[in-house]
Amino acid sequence: MRVLLVGAGGVGTAITRIAARRPFFDTMVVADYDLARAEAAVAALGDGGSRFHAERVDANDEAAVAALLERHMCDVLLNATDPRFVMPLFRAARTAGATYLDMAMSLSHPHPERPYHECGVKLGDDQFAEAADWEKAGALALVGMGVEPGLSDVFARYAADELFDEIEEIGIRDGANLTVDGYDFAPSFSIWTTIEECLNPPVVYEAGRGWFTTEPFSEPEVFDFPEGIGPVECVNVEHEEVLLVPRWVDARRVTFKYGLGREFVETLRTLHLLGLDRTEQVTVPSAAGPVAVSPRDVVAACLPDPATLAERMHGKTCAGTWVRGVRDGAPREVYLYHVVDNQWSTAEYGCQAVVWQTAINPVVALELLATGVWSGSGVLGPEALPPRPFLDLLTEYGSPWGMREQ
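Presented here is an overview of the structure given in this document.

About the thresholds
The residue numbers shown here count from 1 along each chain, following its written sequence. Where local features are concerned, this predicted model is filtered to residues with pLDDT of at least 70; where side-chain atom pairs are given and counted, the filter is 80 or more; whole-chain, interface and lining totals use all residues. The basis for every side-chain value is the complete set of non-hydrogen atoms in the structure, without hydrogens or water. Patches in this entry comprise residues that are over 30% relatively accessible and not in a salt bridge; like charges within 9 Å are linked, as are nonpolar side chains (Val, Leu, Ile, Met, Phe, Trp, Tyr) within 5 Å. The protein chains shown are the only cover counted for residues, whose accessible areas, like all others here, come from Shrake-Rupley with a 1.4 Å probe. We count a salt bridge whenever a side-chain nitrogen from Lys or Arg sits within 4 Å of a carboxyl oxygen from Asp or Glu. With a 1.4 Å probe rolled over the protein chains alone, any residue whose accessible area is under 20% of its type maximum counts as buried; one over 50% counts as exposed, and the rest are partly exposed. In these notes, a set of buried Ala, Val, Leu, Ile, Met, Phe, Trp, Tyr and Cys residues joined through side-chain atoms within 4.5 Å is what counts as a nonpolar core. Secondary structure counts use DSSP, requiring at least four H or I residues in a row for a helix and at least two E residues in a row for a strand, with both numbered from the N terminus. A contact between two residues is defined here by any heavy atoms of the two lying within 4.5 Å. Cavities and pockets were defined on a 1 Å grid built over protein atoms only: a cavity is a set of grid points that admits a 1.4 Å probe from which the probe cannot escape, a pocket is an open set flanked by protein on both sides within 12 Å along at least five of seven lines, and lining residues are those with an atom within 4 Å of any such point. Grid points are joined across faces, edges and corners, and a volume is the space filled by probe spheres set on the points. We call Asp, Glu, Lys and Arg charged. Ala, Val, Leu, Ile, Met, Phe, Trp, Tyr, Cys and Pro are nonpolar, and the rest, Gly among them, are polar. Note on pairing: two strands pair once DSSP finds at least 2 bridges between them. Working convention: axes come from line fits to C-alpha atoms, limited for helices to the stretch in contact. Angles between N-to-C directions cover 0 to 180 degrees. Paired rings are identified among Phe, Tyr and Trp, the last through its six-membered ring, by centres lying within 6.5 Å, and are further divided according to the angle between planes into stacked (under 30 degrees), edge-to-face (over 60) and tilted (the rest). Here, over-ring charges are defined by two tests on the NZ atom of lysine or the CZ atom of arginine: distance to the ring centre within 6 Å, and angle to the ring normal within 35 degrees.

## So, a nonpolar patch on the surface
Judged by side-chain polarity, Leu273, Leu274 and Leu276 come together as a nonpolar surface patch covering roughly 320 Å² of accessible area. What makes Leu274 exposed here is its relative accessible area of 56%.

## Some thoughts on the nonpolar core
By size, the foremost hydrophobic cluster in this structure holds 90 residues, and its most contacted members are Ile15, Ile170, Trp374 and Phe390. The element that contributes the greatest number of residues to this core is helix H13 (residues 353–370), accounting for eleven residues. Every residue in contact with Trp374, bar those within four places of it in the chain, is listed here: Leu142, Met145, Val154, Ala365, Leu368, Leu369, Leu385, Pro386 and Phe390. Of all hydrophobic cores here, the second largest spans 29 residues; its members include Val29, Val57, Ala59 and Met87.

## With respect to the layout of surface pockets
Of the voids in this model, the second largest pocket is the one considered here, and its volume is about 480 Å³. Around the second largest pocket, the lining comprises 21 residues; the ones closest to its centre are Pro110, Leu199, Asn200, Asp277 and Arg296. Elements with a contribution of two residues or more to the lining of the second largest pocket: helix H8 (191–199) and helix H10 (262–273). With four residues, H8 is the largest single contributor of residues to the lining of the second largest pocket. Tallied by class, the residues present in the lining of the second largest pocket amount to ten nonpolar, five polar and six charged.

## Overview of empty space enclosed by the protein
Sizing a probe to match a water molecule and rolling it over the atoms shows the empty space that remains. For the structure shown, the criterion picks out one cavity of 30 Å³ or more. By volume, the largest cavity amounts to about 80 Å³. Lining the largest cavity are 16 residues, and of these His109, Pro110, Gly120, Val121 and Glu238 sit closest to its centre. Split into classes, the residues belonging to the lining of the largest cavity amount to seven nonpolar, six polar and three charged.

## A closer look at H8
Judged by how many residues are buried, H8 sits mostly within the fold: nine of nine residues are covered. For H8, every residue scored as buried is listed here: Ile191, Trp192, Thr193, Thr194, Ile195, Glu196, Glu197, Cys198 and Leu199. Tucked inside the fold, the buried residues of H8 contact strand E13 (253–258), H10 and helix H11 (295–302).

## Examining unusual backbone geometry
A cis geometry characterises the amide bond from Glu148 onward to Pro149, with omega recorded as 0 degrees. For Pro149, the position within the fold is in the loop between strand E6 (140–142) and helix H7 (151–163). Phi is positive for Glu219, close to 50 degrees, though the residue is something other than glycine. Phi at Glu227 is positive, roughly 55 degrees, even though this residue is not glycine. Here Glu227 lies in the loop between strand E11 (221–225) and strand E12 (230–236). Under the relative-accessibility criterion, Glu227 is labelled partly exposed at 43%.

## So, the sheet that holds strand E4 (residues 76–79)
Here seven strands make up an open sheet; going across it, the order is E3-E2-E1-E4-E5-E6-E19 and the pairing parallel. Each edge of the open sheet is held by one strand with a lone partner, namely strand E3 (52–56) and strand E19 (378–380). In this sheet, neighbouring strand axes are inclined to one another by 20 degrees on average, regardless of whether the strands run parallel or antiparallel. Where helix H1 (residues 10–19) meets the sheet, its contacts fall on strand E1 (2–6), strand E2 (27–32), E3 and E4, and the angle it forms with E2 comes to roughly 165 degrees. Strands E1, E4, strand E5 (99–102), E6 and E19 of the sheet are contacted by helix H4 (residues 86–96), whose axis makes an angle of about 160 degrees with E5.

## A few points about the pairing of strand E9 (residues 203–206)
For a regular strand, side chains alternate in direction, first toward one face of the sheet and then toward the other. Bridge count between E9 and strand E10 (residues 210–213): four bridges; the pairing is antiparallel. Bridge pairing links Glu206 to Gly210 in E10. In this antiparallel pair of consecutive strands, E9 and E10, the connection spans three residues, and Gly208 shows a positive phi of 90 degrees. Direction of pairing for E9 relative to E13: antiparallel, over a ladder of two bridges. Within the sheet, the bridge partner assigned to Tyr205 lies in E13 and is Val254.

## Brief notes about the environment of Leu142
Structurally, Leu142 can be placed in strand E6. Remark: the alpha-carbon pair of Leu142 and Val293, spanning 151 residues in sequence, is separated by 33 Å. Leaving out residues up to four positions away in the same chain, Leu142 has contacts with Tyr100, Leu101, Asp102, Ala365, Trp374, Leu380, Gly381, Pro382 and Leu385.

## Here we look at the environment of Gln281
Inspection of the secondary structure assignment puts Gln281 in the loop between H10 and strand E14 (282–284). A relative accessible area of 57% means that Gln281 is categorised as exposed. Separated by 88 residues in the primary sequence, Gln281 and Leu369 place their C-alpha atoms 40 Å from one another. Not counting residues within four places of it along the chain, the set of residues in contact with Gln281 comprises Ala292, Val293 and Ser294.

## Overview of the packing of aromatic side chains
Overall, the coordinates contain 18 aromatic pairs when judged by the stated rule. Arranged with centres 5.5 Å apart and planes meeting at 20 degrees, the rings of Trp374 and Phe390 form a pair that is stacked. Separated by 16 residues along the polypeptide, Trp374 in the loop between H13 and E19 and Phe390 in helix H14 (residues 387–396) bring together distant segments of the chain. The same class applies to Trp374 as to Phe390, namely buried. Taken together, the ring pairs in this structure connect Phe223, Phe225, Tyr335 and Tyr337 into an aromatic cluster. For Arg247, the ring lying beneath its charged end belongs to Phe128, and the centroid distance is 3.8 Å. Arg296 extends its terminal NZ or CZ atom over the ring of Trp192, reaching a point 4.4 Å from the ring centre.

Next up, the structure:
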C-alpha cells in the first residue's frame, strides 16, 4: 500500500508516528501546504527516507493533489485536513483512482428559513451525492474514520451485531477532564472545526421522522464517564455519526452530545455574538494596508496550536457510544468506550491525547484495507464494515477499548 497523507498538523503528525510502527504499507507521502511542517513530521520519525517522504501541496488544488497521487503511485489518500478541504481531496482521489479516507465529512449548510427545526445541506451530503460514481467505478471512499466519527460508529455496528436484538437509542457521548497549564482557554482540538460543529444547528435522528435540527447546546444532560473522568455535562452538537449511523444501523433514535463544560459553551456563544465565528472575510487595517481576513482564522491564530499542548496537558479523554435497547427480551443499556490518558500518549508517542486518539483509527482502518479484511465500493461509513476485526486490531495496537453495563 502506498499512502498520500494530506495534512501534517497535530492529527497528521500523530498518524505518522503510529503508522511508523506498523509494516502494512510501503510508502507514506506526507504533504502539507507548509512544506516545513511536512518535513518536520517526517524528520521526527528518523526514517531516513525509507518509507516516509515530505511534499508540498495545496489541499484546495484538486488537480495538484491528483497529480501528486499519480506521481508517487499512491493507491490511498488519507485526508487529515480540516473539513473545508474535504471535497477537493475527495474528488482528487476519484480522479486519480485512489481509495479515499477522511475523519470529518463535507460541510453542512443550515436551512435558510428554519435552521433550528429542519436540515439544510447535511454533513456528508455532498459526498453521498457522488456515491453512485464511486460504486460504479468499484472505488471506495471510507468517510468519517477518526474517533468521533469513526470508532464511535464501529461501536454502534458492534452493538447492533453482537449486543442487542433491538435498539431504541444510540447516543455518542464524548467527555474529558483535560486541563492545560498556563491557559485559561486552550481547545484540545482545532478551534476552526470546534466552532463549526458546536455553533451549527445540531442534528437528531428519529425513526419515522428522519433527521431534524435543534438549538445549539440543547438538551443538556450529565453523563458519568469511566476511568476516573466522572460526571460531565453534555449537550447536543452537530456531528457526523447522527448522519451516518442510521444509514446502516437500525435504531429508533440517534444523538451526539459533547461534554464541553459551561465555560467553554459560554466562550463559543460570545464568539458567535461578536461574529468571530464567521468564515467570510472582512477587511481590516494593517501596516501594509487593508487586509482581508476570516474572523474564525484570526481566532485560531490567537490560540495555541493544539498539537503543541502535550507537555502542558493533564487528564484523560473519552470517546464512546451509549446504546439502549433489548437483548433476549430484557432491557439492556451499555456504554462502549475508548479512553486515552494524556500522560501515556505524550510519553509513548509525543502526542497529546485528543489528536492521538483521533489518529489511531484511520491507521487501523488502513491496515484492514491493506490486508483485505475490509473492502467495499461506494461512499461508506465505518458502520458499513465488520466491527470485530477493527476492535481486535485496535487492541493489538496497544489501545484497548472497554464496555460498561449501565
